[in-house]
Each structure stands twice: as structure tokens, then as C-alpha cells.
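Each chain, letter by letter, is given below.
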Amino acid sequence: MNKAEKRIVDSVDHLADDILDFTSRLVAEPSILGNEASAMTVMEGELKKLSLDPTRILIDPAKLSQHPGFAPVPWSYDGRHNVAARREASAEGGRSVIFNGHLDVVSPEPLFLWERDPYDPVEKDGWLYGRGAGDMKAGVAAMTYAVHAVEKAGFGFKAPVTIEAVIEEECGGNGALACVAAGHDAEAVLIPEPMGLAILTAQLGVLWFKVSLAGIPRHVAEATAGVNAIEKCIPLIAALRSLEAEMNEDVHPLYRDIAHPINLNIGVISGGDWPSTVPAAAEFHCRLSFFPGMAFDQTRQRIVDTIARATQQDPWLAENQPDVEFYGFRSQGHVAERSQPAFNTLNDCHREMVGSDAEDRISTATTDVRAYHHYATAQATCYGPAAENVHAANERVKIGTVIDTARVYALFLARWCGLVEK
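Below is a short write-up of the structure. As the structure is a computational prediction, the values presented were derived from the model and not from experiment.

Some details on the packing of helix α2 (residues 16–27) against helix α5 (residues 133–152)
Right, so step 1: Two elements in contact, α2 and α5, have axes whose closest approach is 9 Å; the angle formed by their N-to-C orientations is 140°. The pairing of α2 with α5 is recorded here as oblique in orientation. Relative to α5, α2 is oriented so that their crossing is right-handed. Counting all contacts with α2, which are made through D18, I19, F22, T23, L26 and V27, the residues of α5 involved are A133, K137, A138, V140, A141, A142, T144 and Y145.
Right, so step 2: When its residues are assigned to classes, the contact of α2 with α5 shows 10 nonpolar, 2 polar and 2 charged.

Observations regarding the pattern of salt bridges
Right, so step 1: The full count for this structure, using the stated rule, is 26 salt bridges.
Right, so step 2: The closest approach of N and O atoms between R116 and D120, which form a salt bridge, is 2.6 Å.
Right, so step 3: Its relative accessible area of 37% is what places R116 among the partly exposed residues.
Right, so step 4: By relative accessible area, D120 is classed as partly exposed at 35%.
Right, so step 5: Residue E352 pairs with R415 through a salt bridge whose shortest N-O separation is 2.9 Å. In this pair, E352 sits in helix α10 (residues 341–354) while R415 sits in helix α12 (residues 399–417), placing the two residues 63 residues apart along the sequence.
Right, so step 6: Using a relative accessible area of 35% as the deciding quantity, one classes E352 as partly exposed.
Right, so step 7: By relative accessible area, which is 28% here, R415 ends up partly exposed.

As for the side chain of S11
Right, so step 1: Note that S11 resides in helix α1 (residues 3–14).
Right, so step 2: In this structure S11 touches A149, K152 and A153, once residues within four positions along its chain are discounted.

Rules and cut-offs
Within each chain, residues carry numbers counting from 1 in the order of the written sequence. Reporting of local features is limited, given that this is a predicted model, to residues whose pLDDT is at least 70; pairs of side-chain atoms are given and counted only at 80 or more, and all residues count toward the totals for whole chains, interfaces and linings. Each side-chain value is derived from all of the structure's non-hydrogen atoms; neither hydrogens nor water enter the calculation. Where helices are involved, their axes are fitted lines through C-alpha atoms of the stretch in contact, as for all axes, and angles between N-to-C directions lie from 0 to 180°. Working definition: helices are DSSP H or I runs of at least four residues, strands are E runs of at least two. Numbering for both runs from the N terminus. For classification, angles of less than 35 degrees are called roughly parallel, those exceeding 145 degrees roughly antiparallel, those between 65 and 115 degrees roughly perpendicular, and all remaining angles oblique. By convention, the crossing between two helices is left-handed when the near helix turns anticlockwise from the far helix through less than a right angle, and right-handed when the turn is clockwise. Throughout, a contact is declared for two residues whenever any of their heavy atoms are within 4.5 Å. Here the term charged refers only to Asp, Glu, Lys and Arg, the term nonpolar to Ala, Val, Leu, Ile, Met, Phe, Trp, Tyr, Cys and Pro, and the term polar to all other amino acids, Gly among them. The salt bridge criterion pairs a side-chain nitrogen of Lys or Arg with a carboxyl oxygen of Asp or Glu, the two atoms within 4 Å. The classification of residues rests on relative accessible area computed with a 1.4 Å probe and restricted to protein chains. Under 20% of the type maximum is buried, over 50% is exposed, and intermediate values are partly exposed.

Right, here's the structure in full:
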């Protein structure tokens, strides 16, 4: 590192307590689907405190539904928004960057599995605990303060730098997509998902769907005269498990060393309304992934065909076809070239801080990188701290890697955007 870069990294270290404090204040906000406003308010306040001018990016489903990346959803966008702030360049000659992070989190239920309140963040043995600590509020704090650290060290940028905090990464990606549709693009996009300081080079496609079906209600004393809608779900789920196994047999080359990369999840199931009544209706909601190079429409059709074949094995289902509805995620997978300049610069900064090259991360999930990879021009990837129990009880993020992420991002700003001494 040169003297300017050393000043910047030292600036990050001096701001470590502020990064963790900001993370904790974000974690304290229960920003599950539809309730992200309080976390966005904290984000807006922090950006203003750091002399940035935040603006709100609304999600207009009527307009955004015309975009090929839009995920149809059954919920409302009233009163919900993203937050973004752009630092204009102080000179010319650099390359632009967007830091993007999501503030929505998944439900912490059931709460009895947690050792403490999931929205009461606590530091213990080098970890910060709480829902969203890893996925990905610590990353949002790291990226925000990386920008501030450069400015606090006395530098401006030779290219625009944008900070985005978005919603709905966990259920479809319309938040990040709204930023892209609003014209947000750059020469690089970095998303601090908890990759364990690895660089994302590939991720799977993901889709959500719901299967609904009807039965015939009867008093349990006449159960044989009824049709149990819940039990009729069982052969359909079994058929989908067979599809999952089939999809894992035709493995994408990048995923050959990963055990069971394609995962079907029966995430929600409901039906019936009384223990002594044969249930007349049931539904189950699923998530299924698919390899890069496979289209959403192709995967959707395989699901529809699988359900249709399964119904022919059951006289009731054959005559009373279930409804299959696709909503939320319909995200394409992708593979990114590791040789791209932004990836090389990011790796160089990682090596400077850690002492070795960053590993590649081949993900069996999806991230908001998809919006920028497919619908913008940016070289986009994820790089962020190490976390455990993401989407599970006692979620935690390793504090040292949060600061490492901020250091690497700040150094990336110096080398990618270029510096102007104030």
C-alpha cells in the first residue's frame, strides 16, 4: 500500500466501533417483509450523518412489471421503498462503483430456538448475534463506512460512488431491480453478502411456487366419504422430490464438487381448520433452484409437467387438478468471469489485507447480483463477512471479518475509483 492507502485503511480501523454500532442499530429493527420502513429510516439517518444525501427509490409494480426481471408478488408496495445516495466525482479519470445491500430479513420464528431476543444484538466471543447480523446488515454497515473512511482520510473520488439499501432480496429481488430500472448502473457493483471474504463467481437460478388443491369435507366419523386435501399433497411433494433428484443428476460443470446443489424446499404448508373435520383445502409453497444456463420458463414447465403426471396416479387429483401458481423469485442463474478487472482489483485488495488470494464462491443460492449481471452493464459480484446460522436461530456474524470487508472495500475505492486529496 502507498501512504494514501495506508491512511484510508487506518481510517477504517478508527471507525470500527461506529461500524459495529451502526450494524447493531440496523439489527434492532425487525425488517421482515412489509416492515422494512424502520430500518430504512435508520439507513437514511446514517447517510445524512455522514454528509450524504439519501433519496428514496419507489417500487411501482405497474411500471416495473414491464421489466423482464420483475417478480410478480401478491403483496403491496404501498409505503415501501429503497434508499440510495450518490457521491459525485471530485475529478475525472476513475471508474464508478455501486455498493448495494439489502435490509430485509427473514422471520426469526420460532423464537424459542433463540438464546435471546433476535432483535437485541449482542457481541460475544468475537461474534455479533441477531437476525440479519450476517444476512446482511453488517455488510451494509461495512460498505457505508468504507465510503466514509475514504472521505474521513481526506480524499474524494475520481468517479461517482453510490450506496444503495434495498428491500425484497429475500423474496424476489424487485428492490434491486427497481434501482436498475431507475437507471442505476456503474462499472462495478459490490454486494457485501456473507461470503466469508470469498468472491462470488456463480449462483443458481431460484423460483418460488405454490400448489393449492381441494378435497371434500366430512365429519371424521364419515372420513371415508370425504377427501383429505392435506393427504393429497403427499404424492405431489413426492413427485417434486423425484424432479429434484433428476435435476441433480445432470450437474453443471462448476457444481460437480458440491453435494446436492439443487435443492427443493417445502417452505410453507397449510390446510384444514378442525381436527375432527376432513380438510377441504390445502396448499404448500416451495422453493426450487436450477443451474446456470437453464431458463426460468423451462424449469417452470418441468414443475407443471411433474405435478400433472403425479395427478394421473390418483383418481381424485386427476379429476380435480391442483392449481400451481408461480410468484416471487424467478431468478436466472449465472456464471461471471473471474478475470474481469473489477474482480481482479477486489482480489488484489483482499490479498493486501489478508495475505492470500480470495477464494471463489460457487453459490447454491441467489443474490441481488442477478439484477446487475442480467440487466445492467456492471461487473457485479458479492464479497462480504463470515456469518453462521443465516436464516436460522442464533444468526451471527464474525466481527473481525466485518472490519476486513470495510478495509477491502475502502482500498477498492482507492484503486478502482481513484483518489483526489481534499
